[in-house]
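Notes for the structure review
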Amino acid sequence: MLEIKFVIQNLSLVKEVLSSRGETADLKSLVSCDVKRRDILLEIETLRHRRNKVSEQIAMMKKEGENTENFVNEMRKVSGQIKKLEKFLTEMEEKVKNILIELPNMPHASVHVGKDSSDNKTIKIVGKCPDFGFEAKPHWLLGERLGIFDFDKASRITGARFPLYLGEGAKLERSLINFMLDVHTTENHYKEILPPFIVNRKSMTNTGQLPKFEEDLFKIKGWDYFMIPTAEVPLTNIHQNEILEEDNLPILYAAHSPCFRSEAGSYGKDTRGLIRQHQFNKIELVKFSTPENSYNELEKLLNNAEAILKKLNLPYRVVDLCTGDLGFSAAKTYDIEVWMPAQGVYREISSCSNFESFQARRANIRFRRKGKKGTELVHTLNGSGLAVGRTVAAILENFQQPDGSVIIPEILQPYMKTSLIQNQKGKP
């Protein structure tokens, strides 16, 4: 969330940023409500000051045995006025908060202006795309022919866009989860967390999913709880309403979790295979940093996510997102996109973002500098390290063989206990 003082003092800049993001907001009402809020606050403070002074006078008069009835009656009226004004103040503060909470974050100065994903900039391409001597098959067809996926049965069990992994498919997913966590915890020094997969409304609001994106979430009927769309939510909220010590920063967390998304508004997009599911596994990386180090930590976060693809020998590119494609809470984002040969496109497999103080202000996460008074808001960052289902899809498509089998990347073979996935159909 943006600070009200910053918005009021930089209205033109905020309007410009909203336009560059394709967003709108009722800034006129925000200014009007804030003026009323400050006027009411001044009136309350004036009345409280008068009440305190008169109360002192009443105490002195009582000592002298003087009649204080008129003053007491007057102060009752003043107290009544203050109570009414406090109620009005609460209403104005709520209106201000409701407008502020709908405002997206301010992009970092390095983020270029653009309308949508077509204006994103590719900053590097890594690895060689495979050149097959045969027509590459999509991962869903490969998986079904190998007997490691069954989307029809998944649809009967639940509905569309839910996966059912079988045999070596389930093992591949599990192996990737273990491999990614091992790399991030042992090589990159993240602390492994197993978080709740259900969170409350406050936690969702703290990280920016609510109130703007409620239709994208799975809400539990009868409870003000939500299935997590990403482990970013519980990981970031570990430190809500806390004051951290500077010496402990940066704090690095890694977690595996299932993720649940309604994919509202994505009808007809990527309906085949593992690319856009209502339920999928992901390894999430979250950081808490001092403001001056957060962009260095973003580069490290990007490198951590890239390292997984390099170890798997999967070709990919890194994209710098423009203002029009930037996520609601992000100040800057890099997307990592893995090559999908059957589709002939790069597909997002990780987003690495710096939210600066946007989430920390909502969640009240602060830190104390050594030897200094007061506290400051931390900067929060997160990235996928990686989306597991999409990694499965990329392995199948990039390492497929003419006979339909799939070679397992060398680094993953100790986890899989095999170097090749062959036809599993007919096996119990």
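Residues numbered from 1 in each chain as written. Predicted model: local features only at pLDDT ≥ 70, side-chain atom pairs only at ≥ 80, totals over all residues. Heavy atoms only, no water.

Notes on the overall build of the chain
Counting its regular elements, the chain contains 13 helices and 16 strands. Seen along its three principal axes, the alpha-carbon backbone of the chain occupies a region of about 105 × 45 × 40 Å. When the 428 residues of the chain are sorted by exposure, 50% land in the buried category. Put simply, of all contacts in the chain between residues at least 6 apart along the chain, 74% involve residues at least 24 apart. Accessible area for the chain stands at about 21300 Å²; split by element, carbon and sulfur atoms hold 49% of it. Side-chain charges of the chain comprise 61 positive and 56 negative groups, with the mean position of each set lying 3 Å from the other. (Helix = DSSP H or I, 4+ residues; strand = E, 2+ residues; numbered from the N terminus. Buried < 20%, exposed > 50% of the residue type's maximum accessible area, 1.4 Å probe, protein only. Contact = heavy atoms within 4.5 Å. Areas by Shrake-Rupley, 256 points an atom, 1.4 Å probe, with all protein chains shown as cover. Lys, Arg positive; Asp, Glu negative; His and termini not counted. Charge placed at Lys NZ, Arg CZ, Asp CG, Glu CD.)

Remarks on the packing of aromatic side chains
A full pass over the atoms with the stated rule returns nine aromatic pairs. A connected cluster of aromatic rings, assembled from ring pairs, spans F149, F151 and Y165. (Phe/Tyr/Trp six-rings, centres within 6.5 Å; stacked < 30°, edge-to-face > 60°.)

Some thoughts on helix α2 (residues 11-20)
One turn of the α-helix equals 3.6 residues, which is why residues spaced by three or four share an orientation. Buried within α2 we find V14, V17, L18 and S20. Each buried residue of α2 sits inside an arc of 165° when the element is viewed along its axis, so together they form one side. What points out from α2, more than 90 degrees from its buried face, is the exposed set S12, K15, E16 and S19. Summarising the contacts, the buried residues of α2 are in contact with α1 (4-9) and α3 (27-63). Of the residues trailing α2, G22 is marked for its positive phi of about 75°. (Arc of directions from axis to C-beta.)

Details of the sheet that holds strand β13 (residues 376-377)
Within the open sheet, the three strands sit side by side as β6-β12-β13. Their pairing is mixed. Bordering the open sheet on either side are β6 (243-245) and β13, each of which pairs with just one other strand. Pairing of strand β12 (residues 366-368) with β13 involves two bridges; the strand directions are antiparallel. Looking at β13, one finds that R366 is bridged to L377. (Pairing = 2+ DSSP bridges.)

Things to note about a nonpolar patch on the surface
Together, I198, W223 and Y225 line one region of the surface with nonpolar side chains, adding up to about 310 Å² of accessible area. With respect to the helices, strands and loops of the structure, I198 is situated in strand β3 (residues 198-200). We classify I198 as partly exposed; its relative accessible area is 37%. (Patch = residues over 30% accessible without salt bridge, like charges linked within 9 Å, V, L, I, M, F, W, Y side chains within 5 Å. Salt bridge = Lys/Arg side-chain N within 4 Å of Asp/Glu carboxyl O.)

Some thoughts on the pairing of strand β7 (residues 251-260)
Most of β7 is tucked away, with 10 of its 10 residues classed as buried. Neither face of β7 is left uncovered, since the one carrying I251, Y253, A255, S257 and C259 and the one carrying L252, A254, H256, P258 and F260 both have all their residues buried. Here strand β2 (residues 191-193) pairs with β7 via three bridges, running parallel. Of the residues in β7, the one forming a bridge with E192 is A254. Here 10 bridges tie β7 to strand β8 (residues 279-289), and the two strands are oriented antiparallel to one another. In the sheet register, F260 faces β8, and the bridge partner there is Q279.

Let's talk about the packing of helix α7 (residues 168-187) against helix α12 (residues 388-398)
Remark: α7 packs on α12, axes separated minimally by 10 Å, with the N-to-C direction vectors making an angle of 115°. The orientation of α7 with respect to α12, classified from their angle, is roughly perpendicular. As for the relative orientation of α7 and α12, their crossing is right-handed in sense. In this structure, α7 contributes L172, E173, L176, I177 and M180 to the contact, and α12 contributes V388, G389, T391, V392, I395 and L396. In the contact of α7 with α12, the residues fall into eight nonpolar, two polar and one charged. (Axes fitted to C-alpha atoms, helices over the stretch in contact; angles between N-to-C directions. Parallel < 35°, antiparallel > 145°, perpendicular 65-115°, else oblique. Left-handed = near helix turned anticlockwise from the far one by under 90°. Nonpolar A, V, L, I, M, F, W, Y, C, P; charged D, E, K, R; others polar.)

Focus on the pattern of salt bridges
Per the stated rule, a full pass over the model turns up 21 salt bridges. Taking the shortest distance from any N to any O, the salt bridge between K212 and E23 comes out at 3.2 Å. Taken together, the residues K212 in the loop between α8 (201-207) and β4 (218-219) and E23 in the loop between α2 and α3 connect sequence positions 189 residues apart. By relative accessible area, which is 30% here, K212 ends up partly exposed. For D224, the salt bridge identified is with R201, shortest N-O distance 3.0 Å. Of this pair, D224 sits in the loop between β4 and β5 (225-227) while R201 sits in helix α8, placing them 23 residues apart in sequence. The exposure class of D224 is partly exposed, given its relative accessible area of 37%. The network of salt bridges with common partners includes R201, E214, K219 and D224.

So, the side chain of T205
Relative to the helices and strands, T205 is located in helix α8. The class of T205 is buried, set by a relative accessible area of 17%. If near-sequence neighbours (up to four positions away) are discounted, T205 is found in contact with I101, L210 and R362.

Some details on α3
Given a rise of 1.5 Å per residue, 37 residues ought to cover 54 Å, and the 54 Å separating the end C-alpha atoms of α3 matches this to within 8%. Inspection of α3 places L27, L30, C33, D34, R37, I40, I44, L47, V54, I58 and M61 among the buried residues, and these make up the whole buried set. Its buried side turned inward, α3 meets α1, α2 and α4 (69-100). (Expected span 1.5 Å × (residues − 1).)

Observations concerning the state of the cysteines
What makes a disulfide is a covalent bond joining the sulfur atoms belonging to two cysteines. All told, the structure shown has zero disulfides when counted by the stated rule. Counting only cysteine sulfurs, C352 is the nearest neighbor of C129, a cysteine outside any disulfide, at a range of 20 Å. A residue is classified by how much of its surface remains accessible, and C129, at 27% relative accessible area, is partly exposed. (Disulfide = S-S within 2.5 Å.)

Looking at the layout of surface pockets
Counted as a void, the second largest pocket has a volume near 390 Å³. The wall of the second largest pocket is formed by 18 residues, among which M1, K97, L100, I101 and R362 lie closest to the centre. Looking at the lining of the second largest pocket, the elements that each hand over two or more residues are α4, α8 and α11 (358-363). Element by element, the count of residues in the lining of the second largest pocket is highest for α4, at six residues. (1 Å grid on protein atoms, 1.4 Å probe; cavity = no way out; pocket = protein on both sides within 12 Å on 5 of 7 lines; lining within 4 Å. Points joined across faces, edges and corners; volume = space filled by probe spheres on them.)

No statement about biological role is implied by the geometric values presented.
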